[in-house]
Amino acid sequence: MVLSPVLGWLGVAITGSDTSSNSLFGVLQVTAANKAGLDAVLMAATNSSAGVMGKMLSPQNLAVAAAAVGMAAKEGDIFRKLIGWSLALLAFFTVLVVLQATVLSWMVP
């Protein structure tokens, strides 16, 4: 349950695409959820939703952002400023998913 958002976040940060991450890890998330007795819909949605927070760290997006604002070759600076925000959002989202799997189960159809 806690690993699901991390895997989605990491998948998009590496591939640069939520679709690619879902293709790579979507079936894994659903299969693992079914085997562990967790809600497969929640785990699949978590994989995709957490990926959005990893998108800001993907190399492609960093290069485009740096070029767009006239900071070419400063991708590392942008990455260092974004990593904290991305990890904070991931932590918040992970807590929300744990709550949805336990206390707030009424939120998941």
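Before going into details, it helps to say that this report is about the structure given with it. Nothing here was measured: the structure is a model prediction, and the numbers come from that model. (Residues numbered from 1 in each chain as written. Predicted model: local features only at pLDDT ≥ 70, side-chain atom pairs only at ≥ 80, totals over all residues. Heavy atoms only, no water.)

**Remarks on the overall build of the chain**
Condition: A helix here means a DSSP run of H or I that spans at least four residues, while a strand means a run of E at least two residues long, and both kinds are numbered starting from the N terminus. Burial classification: accessible surface area is computed with a 1.4 Å probe over protein chains only, and a residue below 20% of its type maximum counts as buried, one above 50% as exposed, and the rest as partly exposed. By the convention used here, residues are in contact when the closest approach between their heavy atoms is within 4.5 Å. For accessible areas, the Shrake-Rupley method is used with a probe of radius 1.4 Å. Any residue's cover is judged against the shown protein chains and nothing else. Charge convention: Lys and Arg are scored as positive, Asp and Glu as negative, and His as well as the terminal groups of each chain are ignored. Where a charge sits is defined by one atom per residue type, namely NZ (Lys), CZ (Arg), CG (Asp) or CD (Glu).
In terms of regular secondary structure, the chain is built from 5 helices and 0 strands. Mapped from its N terminus to its C terminus, the chain presents α and β elements in the order α-α-α-α-α. When the backbone C-alpha atoms are referred to their principal axes, the chain occupies close to 50 × 25 × 20 Å. Going through the 109 residues of the chain one by one, you find that 30% of them count as buried. Pairs at least 24 residues apart make up 66% of the contacts formed inside the chain by residues separated by at least 6 positions. Accessible area for the chain stands at about 6,200 Å²; split by element, carbon and sulfur atoms hold 73% of it. A distance of 6 Å separates the average location of the 5 positive side-chain charges in the chain from that of its 4 negative side-chain charges.

**A few points about the environment of G26**
Within the secondary structure layout, G26 lies in helix α2 (residues 18-36). For G26, a relative accessible area of 16% translates into the label buried. Taking the C-alpha atoms as reference, G26 lies 10.0 Å from A40; in sequence the two are 14 residues apart. Discounting residues that sit within four places of it in the chain, G26 has contacts with S21 and N47.

**Brief notes about helix α3 (residues 40-55)**
Where we set the bar: Helix span, as expected, comes to 1.5 Å for every residue beyond the first. Polar contacts, as counted here, are pairs of nitrogen or oxygen atoms within 3.5 Å of one another; within protein the pair requires one atom able to donate a hydrogen and one able to accept it, and residues that are adjacent in sequence qualify only if both atoms are side-chain atoms.
In this model α3 runs 23 Å from its N-terminal to its C-terminal C-alpha over 16 residues, within 8% of the 22 Å that 1.5 Å per residue would give. Within the span of α3, buried status applies to A40, L42, M43, T46, N47, A50, G51, M53 and G54. As for α3, its buried residues are in contact with α1 (3-15), α2 and α5 (75-101). Capping the start of α3, D39 holds a side-chain oxygen 2.9 Å from the backbone nitrogen of V41, two or three residues further along.

**Overview of the nonpolar core**
Note the threshold: Among the buried residues, those of types Ala, Val, Leu, Ile, Met, Phe, Trp, Tyr and Cys that are joined through side-chain atoms within 4.5 Å form a nonpolar core.
Formed by 13 residues in total, the largest nonpolar core has its most connected members in W9, L42, M43, A50, M53, F93 and V97. The set of elements that each furnish at least two residues to this core consists of α1, α3 and α5. For this core, the element with the highest residue contribution is α3, accounting for 5 residues. Discounting chain neighbours no more than four positions away, the residues touching L42 are V97, Q100, A101 and V108.

**Focus: the packing of helix α4 (residues 59-68) against α5**
Put simply, the rule reads: All axes here are fitted lines through C-alpha atoms, helices being fitted over the stretch that makes contact, and every angle between N-to-C directions spans 0 to 180 degrees. Orientation labels follow simple angle bins: below 35 degrees gives roughly parallel, above 145 gives roughly antiparallel, 65 to 115 gives roughly perpendicular, and whatever is left gives oblique. If you view the pair so one helix is near and one far, a crossing is left-handed when the near helix is turned anticlockwise from the far one by less than a right angle, and right-handed when it is turned clockwise. Three residue categories are used. Nonpolar comprises Ala, Val, Leu, Ile, Met, Phe, Trp, Tyr, Cys and Pro, charged comprises Asp, Glu, Lys and Arg, and polar comprises the others, including Gly.
For the pair α4 and α5, interaxial distance at closest approach is 9 Å and the crossing angle is 115°. On the basis of their axis angle, the class for α4 and α5 is roughly perpendicular. Considering only the axes of α4 and α5, their crossing is right-handed. Taking contact as the criterion, the partners of L62, A63 and A66 in α4 are, on α5, E75, I78, F79 and L82. Here the residues of the contact of α4 with α5 sort into 6 nonpolar, no polar and 1 charged.

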